[in-house]
Amino acid sequence: MATKNAIRPHYHLPAAHKTRLPPTVQAYQDFAIGKNPRQKPANRAVKLAESLSNMWNLQIETTIQRSLNRSNLDLLGIEEKHNTPTTSPKEDISEKWREIHGSRDWDDLLDPLHPWLRREIVKYGEFAQATYDAFDFDAFSEYCGSCMYNPHKLFDKLGLTKTGYNVTQYIYAMSHIDLPQWLEKSRLVDTWSKDSNWMGFVAVSDDQESKRIGRRDIVVAWRGTVAPSEWYDNMQRKLEPIGHGDSKVEHGFLSIYTSKSDFTRYNKSSASEQVMTQVKKLVDYYQKIGEQVSLTITGHSLGGALGLLNAYEAAKNFPNLPISVVSFAAPRVGNIAFRDELYQMGVKTLRVTIKQDVVPRMPGIVFNESLQRFDDITGTLEWVYTHVGVELKLDVRSSPYLKKGLNLVGFHMLETYLHLVDGYDRSDSGFRADAKRDVALVNKDCDMLVDELRIPPNWYQLANKGLERNDHGRWVKPKRDPEDIPSPTMESHHYHVLELDDSYGIGSWFGVSI
């Protein structure tokens, strides 16, 4: 059992407000600029005095504000961290990996948050973040909607080589349902795909990392969406049956997970078929050589929803495989029967949420798991959305580095989540003074950091927005490295379902033919 950590000191950021001037200066200002309503209209001499007074007071305010900013920077201790590592040394968790993986539903590990678990949550969160960082959002690129790097370069390009995992498969998805703001498309006519988007990857721990964590860990990371919450509001129109019982899930999520078409280049097999084929290959291989294997599924927002569907399918097909989901900002996915079936199959789910983020409250802001208290009167309601698993709830107000105003986009960003996880100690204490993750990452794609840190908002982008100067001095969009161009020919073995016997059962559970 983890030893409880001592309560960390809480460093408060002074509230943002207009700087108050010293009383004597304020009194002089009131007299000089005519705040007295009975004062007569000013002549030129008085106007000159007013101008000089305003200049003098402005100088005083600026000096005071600079002093305040300086003290805030000192208080945050940010400059001292510039020359320190952004991660802690890796601990050997091999003896406790089952508890860290959720075998006891993370009992006694969340409050206070065990440092080993904190590191693992951040690790899986960074895998999910990689699906955003490597995604081509450029609508003027013929490869918009794809990954900018091939699987062998992905972690190297994103600085994730020290994680000890290797990418083995990319996942592509499409949808037969028209879902707003989901599919990123190029504005060009000739594109790599008109129907599919890169949706994530499968990776597996290497020998050294497997020794540290006590088993061979297969990871599936699903990309989400940073679309506004209205996107989820539009998706709560229909619950669709899944499996053979009473379980139902949101039909938009299920469509993205299971859609395929022979007329597409990248989804001749569905995302479900792609990922399960690869997971089966890896599980079979490592179990045959006598290794303990686990499956950990992670994702942010929509990615968290797809992750639950993935966990459901994996649990049906690998009943003895330890399966855990670590999701961030995930919406509700299915009904109470879906949740209960996941529990019965032993799937462990850790939901990381932020109190101020509205997306985890959707779909089903009104009709949700809270209605279970009326089961004696209404019976089990099959159409009610419900969350799954254990919740680790964070609060934006706990961090002295974050602005306290309303910022719905910033509240939902995965980097905001990872910052708060890194700083979380326990529910009754403040932000950890020894948090190591780089604070600047929060502002990658939003404006959440306090101005005193001087980190520009939305700073994460390609140099010169992807343009390069050619030999003639002209700025042009460079061609992609040929090995980074998504190719159905090169990856055809990923898109066609391999030979699966009837006991594998993907088609029987998801209503698709194999």
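Cut-off values and rules
Residues numbered from 1 in each chain as written. Predicted model: local features only at pLDDT ≥ 70, side-chain atom pairs only at ≥ 80, totals over all residues. Heavy atoms only, no water. Helix = DSSP H or I, 4+ residues; strand = E, 2+ residues; numbered from the N terminus. Buried < 20%, exposed > 50% of the residue type's maximum accessible area, 1.4 Å probe, protein only. Contact = heavy atoms within 4.5 Å. Areas by Shrake-Rupley, 256 points an atom, 1.4 Å probe, with all protein chains shown as cover. Polar contact = N/O pair within 3.5 Å; in protein donor to acceptor, adjacent residues only side chain to side chain. Pairing = 2+ DSSP bridges. Right-handed = clockwise from strand over helix to strand, strands pointing away. Core = buried A, V, L, I, M, F, W, Y, C linked by side-chain atoms within 4.5 Å.

Caption draft 1: Spotlight on the overall build of the protein. Check the secondary structure of the protein and you find 17 helices and 13 strands. Across the 514 residues of the protein, 52% fall into the buried class. For the protein, long-range pairs separated by at least 24 residues make up 74% of all intrachain contacts whose partners lie at least 6 apart in sequence. Entry remark: accessible area of the protein is about 25500 Å², with carbon and sulfur atoms responsible for 53%.

Caption draft 2: Quick peek at the side chain of Ser210. Topologically, Ser210 is positioned in helix α7 (residues 207-213). At 2.7 Å, the side chain of Ser210 forms a polar contact with the side chain of Ser205. Ignoring any residue separated from it by four or fewer positions in sequence, one finds Ser210 in contact with Ser205, Arg215 and Arg216.

Caption draft 3: Region of the structure containing the pairing of strand β7 (residues 323-328). Within β7, six of the six residues are buried, which leaves it mostly tucked inside the rest of the structure. Alternating residues of β7 divide into Ile323, Val325 and Ser327 and Ser324, Val326 and Phe328, and every residue in both groups is buried. Bridge count between strand β6 (residues 293-300) and β7: six bridges; the pairing is parallel. Its bridge partner lying in β7, Thr296 is registered against Ser324. After leaving β6, the chain enters helix α11 (residues 302-317) and then returns to the sheet as β7, a path that is right-handed. Direction of pairing for β7 relative to strand β9 (residues 348-354): parallel, over a ladder of five bridges. Residue pairing for β9: Val326 is matched across the bridge by Leu350.

Caption draft 4: Main features of the nonpolar core. Ile121, Leu154 and Phe201 are the most contacted members of the largest nonpolar core, which totals 64 residues. The element best represented in this core is helix α5 (residues 115-133), accounting for eight residues. Beyond its immediate sequence surroundings of up to four residues, Leu154 is in contact with Ala134, Cys147, Tyr149, Val167, Tyr170 and Phe201. By size, the runner-up hydrophobic cluster in this structure holds 42 residues, among which are Tyr286, Leu302, Phe338 and Leu342.

Caption draft 5: Representation of the environment of Ser175. Along the polypeptide, Ser175 turns up in the loop between β1 (165-173) and β2 (197-205). On the basis of relative accessible area, Ser175 is assigned to the buried category, the value being 16%. The sequence separation of Ser175 and Ser259 amounts to 84 residues, and the corresponding C-alpha distance is 5.3 Å. At 2.8 Å, the side chain of Ser175 forms a polar contact with the side chain of Ser255.

Geometric descriptors of this kind do not, in isolation, establish any biological role.
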